[in-house]
Amino acid sequence: MKIRALSLCILVVATTAAAQNHAAHPRTKAEAEVLACLDALTEAGIKRDVAAFDRLYADDYFHTNADGSMMTKPQVLASYKAPPSAIIDSDRHDDDRVWVRGNVGYVNTRVTIRGRMNGQPYERQWRVSYLFERTKGGWRAVNSHASLILPSSK
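Residues numbered from 1 in each chain as written. Predicted model: local features only at pLDDT ≥ 70, side-chain atom pairs only at ≥ 80, totals over all residues. Heavy atoms only, no water.

Q: What should I look at first to understand the nonpolar core in this one?
A: Looking at soluble globular proteins, one finds that nonpolar side chains tend to be buried together. Within the largest apolar cluster, 32 residues are counted, with the highest numbers of intra-cluster contacts made by Leu 41, Phe 53, Tyr 57, Val 107 and Phe 132. If you list the elements that add at least two residues to this core, you get helix 2 (29–47), helix 3 (50–56), strand 1 (57–64), helix 4 (73–81), strand 3 (86–101), strand 4 (104–117), strand 5 (120–135) and strand 6 (138–149). Broken down by element, the residue count for this core peaks at 7 residues, all from helix 2. (Core = buried A, V, L, I, M, F, W, Y, C linked by side-chain atoms within 4.5 Å. Buried < 20%, exposed > 50% of the residue type's maximum accessible area, 1.4 Å probe, protein only. Helix = DSSP H or I, 4+ residues; strand = E, 2+ residues; numbered from the N terminus.)

Q: Before we go on, may I ask you to explain the pattern of salt bridges in this structure?
A: Charged atoms that come close allow side chains of opposite charge to pair. Per the counting criterion, the structure on display carries 5 salt bridges. Glu 33 is paired through a salt bridge with Arg 134; the nearest N and O atoms lie 3.2 Å apart. Of this pair, Glu 33 sits in helix 2 while Arg 134 is found in strand 5, placing the two residues 101 residues apart along the sequence. Residue class for Glu 33 comes out partly exposed when judged on its relative accessible area of 26%. Through salt bridges that share partners, Lys 29, Glu 33 and Arg 134 make up one connected network. (Salt bridge = Lys/Arg side-chain N within 4 Å of Asp/Glu carboxyl O.)

Q: How do you make sense of the pairing of strand 1 when you look at a structure like this?
A: Every regular strand shows the same layout, with side chains that alternate between the two sheet faces. Summarising the sheet, strand 1 and strand 6 pair through 4 bridges and their orientation is parallel. Bridged to Phe 62 within strand 6 is Asn 143. Of the strand pairs in this sheet, strand 1 and strand 2 (residues 70–72) are connected by 3 bridges, and their pairing is antiparallel. Paired with Thr 64 across the two strands is Met 70, which belongs to strand 2. Between the end of strand 1 and the start of strand 2, which pair antiparallel, lie 5 residues, with Gly 68 showing a positive phi angle near 90 degrees. (Pairing = 2+ DSSP bridges.)

In short, geometric facts, not functional conclusions.
Here is the structure:
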């Protein structure tokens, strides 16, 4: 469960990083709307706002963790009700990609995270992807996936 909680924490931080970077790049209206949904998810994650997540995640939302395990929307909401298992000290992102076609939006970014877990410092890089769907109520996250980028063996 700690790995799942850390992966979810990484997802929130990656969302924060993506939100910080997108303002500098011109976007289409649809891309801006998708990124606004991502911003709302970021704020919900920082505040651990379960009600906001409930509105922003589609009912059939699921997240795939770096270890291959999956979490459904109810599991993700429950994880945000619990105390966090990791402290994030800093994050940096680059290589952002946004793609929107019709009612589907996709965001992919690379995130470098530094923090502490169980009092021990860590630094990791992740590739994080988000899939959004436009509904009558606005954009909703349908799926997300976080993959650990392994250090190169140079």
